[in-house]
Amino acid sequence: MRIAMAITVVMAALSACQKAPPEAVAPAAKPAEPAAAADDTRAIAKDAYIYGFPMVDNYRIQYSYFADPKNPEYKGAWNEIHNTARVYTPEDKAIQSPNSDTPYSQLGADLRAEPLVISVPAVEKGRYYSAQFIDMYTYNFAYVGSRATGNGAGNYLLAGPNWKGETPKGIKDVIRSETELAFVLFRTQLFNAGDIERVKKIQAGYKAQPLSTFLGTPAPPPAPKIDFIAPLTPEQQKTSPEFFRILNFVLQFCPTHPSETELMARFAKIGVGAGKPFDVAALPAEQRKGIEDGMADAWKAFGEYKTTKLDTGEESSADGFGTRDFLKNNYLRRMASAVLGIYGNSKEEAVYPAYFTDAAGGKLDASTSRYTLRFAPGQLPPANAFWSVTIYELPSSLLSTNPLNRYLINSSMLPSLKKDADGGITLYIQHESPGKDKEANWLPAPKGPFFAAMRVYWPKPEALDGRWKAPPMQRAN
């Protein structure tokens, strides 16, 4: 699943500012919901955790990117595009399963005062780029780029849930976010190391500006400043009831969707709701235990889902990323996608065949085994843009250091790969070198557990309808 899977993969996958960013206004007080019975607390906490994990983990990343100048992952102010003119390495630790194929550009969008106009330049034919629009729930609600809108230049209006204006002249499309804060993740294809200057020029053409600036009209009053609260670490998120304090903070920016009105009323029985205080220190011991047990139950449910659905291939990352309508409020699937590769693309944009086990069902571990991944003649991943295979160490789901500084093998490397006698291509996935004669096809793995993520960008129909299947990971010894 990223980085982006995104796993980005890619997903890569799932974060104030030089200008003071705006602050949320707490919602009006509502009558207190009846407290949950002791035997209900655990069940409600489990469901609320599964529901909220992607939102809390997303907030952790957005905080590091746009709200904490002291964080090594800090990119810059909200409502500005920040370019990273390099691919990701093991030093990039904010996003699990990061994509190391395409340099990123990031935009943290605060849409409370007015919409933003996002402009993209003309990009030459044959070079893939995309802008992925992600809301606070981690739904992918829109795309701009090679697949979705073409490589021509254009202006797009990104509006929050409360904007009611008309489409201005010069705007190709109005893109609506159901949350007041959103994240736009740009990917620009890099062909090789010598191509980086061209990528920098394209990135410099990505622009974001308030609608009033675009129109040359007076700006509306600014939204109140946001007093961002410190997030939890990835480890703390797994067990600390403070998780729900963070969730309540995030929910302030997320108007309740009509399909979730009853769900939020249920969550309110344990104190979960937009802007509600959640004082962990004041929780009665019995209630705190119920909440902690519910969190543990959520992780157990995730483990079972991964083992029975993802590891078996019954479901894949193609099922886990997309719009609210596509996911149909399947919160366990949304949680699993965030855990394994937050910010993964929707399947129309990219698919991520993932390898957690070998062909015989054994866990991947390069401290005890060597592996091969062979593409038979004519069976390379069918992509309109490009494909890659990336290795991530476990349990961190991050890139790992290796003597080649090689974290992936992708389609732009095909000319340098050695072909098999029949014209196929075999990749060698192991910790130690397979030998100088095979090193061109060596994808170094960490000395321990790992997983591999294939990325197929702008997949062709046969990659979506099952006619093409990713080859199995074979244990070599």
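Just above sits the structure.
Our subject in this report is the structure included herewith.

Calculation criteria
- Residues numbered from 1 in each chain as written.
- Predicted model: local features only at pLDDT ≥ 70, side-chain atom pairs only at ≥ 80, totals over all residues.
- Heavy atoms only, no water.
- Pairing = 2+ DSSP bridges.
- Helix = DSSP H or I, 4+ residues; strand = E, 2+ residues; numbered from the N terminus.
- Axes fitted to C-alpha atoms, helices over the stretch in contact; angles between N-to-C directions.
- Buried < 20%, exposed > 50% of the residue type's maximum accessible area, 1.4 Å probe, protein only.
- Lys, Arg positive; Asp, Glu negative; His and termini not counted.
- Salt bridge = Lys/Arg side-chain N within 4 Å of Asp/Glu carboxyl O.
- Polar contact = N/O pair within 3.5 Å; in protein donor to acceptor, adjacent residues only side chain to side chain.
- Contact = heavy atoms within 4.5 Å.
- Core = buried A, V, L, I, M, F, W, Y, C linked by side-chain atoms within 4.5 Å.
- Phe/Tyr/Trp six-rings, centres within 6.5 Å; stacked < 30°, edge-to-face > 60°.
- Lys NZ or Arg CZ within 6 Å of the ring centre and 35° of its normal.

1. Considerations on the sheet that holds strand β18 (residues 473-475)
And then number 1: Taking strand neighbours across the sheet as the criterion, the 4 strands line up as β16-β15-β12-β18 in an open arrangement whose pairing is mixed. Each having just a single partner strand, β16 (442-444) and β18 make up the two edges of the open sheet. Within the sheet, the average angular offset between the axes of one strand and its neighbour, ignoring direction, is 30°.
And then number 2: Looking at chain direction, strand β12 (residues 371-375) and β18 are connected through 3 bridges and run antiparallel.

2. Points about the pairing of strand β6 (residues 154-159)
And then number 1: The element β6 is largely enclosed, with a buried count of 5 among its 6 residues.
And then number 2: Pairing of strand β3 (residues 116-120) with β6 involves 5 bridges; the strand directions are antiparallel. Bridge pairing links Val 120 to Gly 154 in β6.

3. Concerning the side chain of Asp 358
And then number 1: Positionally, Asp 358 belongs in the loop between β11 (354-355) and β12.
And then number 2: No salt bridge is formed by the buried Asp 358, whose closest oppositely charged neighbour, Arg 475, lies at an N-O distance of 5.2 Å.
And then number 3: Engagement of the side chain of Asp 358 in a polar contact is seen with the backbone nitrogen of Gly 362, the distance being 2.8 Å.
And then number 4: Setting aside its immediate chain neighbours within four residues, Asp 358 contacts Leu 364, Tyr 371, Met 473 and Arg 475.

4. Some thoughts on helix α5 (residues 243-251)
And then number 1: For α5, the buried fraction is high: 8 of the 9 residues fall into the buried class.
And then number 2: Buried within α5 we find Phe 243, Phe 244, Ile 246, Leu 247, Asn 248, Phe 249, Val 250 and Leu 251.

5. Some remarks on the sheet that holds strand β4 (residues 129-135)
And then number 1: Strand order in the open sheet formed by 5 strands is β1-β2-β8-β4-β5, with antiparallel pairing between adjacent strands. The strands lining the two open edges of the sheet, one partner per strand, are β1 (81-83) and β5 (140-145). Here the strands of the sheet are splayed against their neighbours by 20° on average, with no regard to which way each runs.
And then number 2: In terms of strand pairing, β4 meets β5 through 5 bridges, oriented antiparallel. In the sheet register, Gln 132 faces β5, and the bridge partner there is Tyr 143.
And then number 3: Strands β1, β2 (104-110) and β8 (181-188) of the sheet are contacted by helix α2 (residues 196-204), whose axis makes an angle of about 150° with β8.

6. Observations concerning the environment of Lys 207
And then number 1: Take Lys 207: it is sitting in strand β9 (residues 207-210).
And then number 2: You can call Lys 207 partly exposed: its relative accessible area is 46%.
And then number 3: If we skip the residues at most four places from it in the chain, Lys 207 touches Ile 81, Val 117, Ile 118 and Ser 119.

7. Comments concerning unusual backbone geometry
Peptide bonds are, in most cases, trans, and in most cases residues other than glycine have a negative phi.
And then number 1: With omega at 10°, the peptide bond leading from Leu 394 into Pro 395 counts as cis.
And then number 2: Among the structural elements, Pro 395 can be located in the loop between β13 (383-393) and β14 (408-410).
And then number 3: Backbone geometry at Asn 79 places phi at a positive 65°, although glycine is not the residue there.
And then number 4: Here Asn 79 shows up in the loop between α1 (38-66) and β1.
And then number 5: A positive phi angle, near 55°, is found at Asn 329, a position not held by glycine.
And then number 6: For Asn 329, the location among the structural elements is in the loop between α8 (324-327) and α9 (331-341).

8. Looking at the nonpolar core
A general feature of soluble globular proteins is that nonpolar side chains tend to end up buried together.
And then number 1: With 70 residues, the main nonpolar core has Tyr 49, Phe 243 and Phe 244 as its most contacted residues.
And then number 2: Sort the elements by how many residues they give to this core and α1 lands first, with 14 residues.
And then number 3: Phe 244 has contacts with Ala 45, Ala 48, Tyr 49, Val 272, Phe 278, Ile 291 and Met 295, leaving out every residue within four places of it along the chain.
And then number 4: With 28 residues, the next largest nonpolar core counts Ala 318, Ala 366, Val 389 and Val 456 among its residues.

9. Brief notes about the side chain of Thr 179
And then number 1: Secondary-structure assignment places Thr 179 in the loop between β7 (173-176) and β8.
And then number 2: Side-chain polar atoms of Thr 179 contact the backbone nitrogen of Met 136, separated by 3.2 Å.
And then number 3: Of the polar contacts made by the side chain of Thr 179, one reaches the backbone oxygen of Leu 181; its length is 2.7 Å.

10. Quick look at the packing of aromatic side chains
And then number 1: On inspection of all chains with the given rule, the structure shows 31 aromatic pairs.
And then number 2: On the numbers, 6.0 Å between centres and 65° between planes, the contact of Phe 133 with Phe 141 is edge-to-face.
And then number 3: Taken together through their ring pairs, the aromatic side chains of Tyr 59, Tyr 63, Tyr 65, Phe 66, Trp 78, Phe 183, Phe 228, Phe 249, Phe 253 and Tyr 343 make up a single cluster.
And then number 4: Between Arg 324 and the ring centre of Tyr 137, over which it is positioned, the NZ or CZ distance is 4.8 Å.

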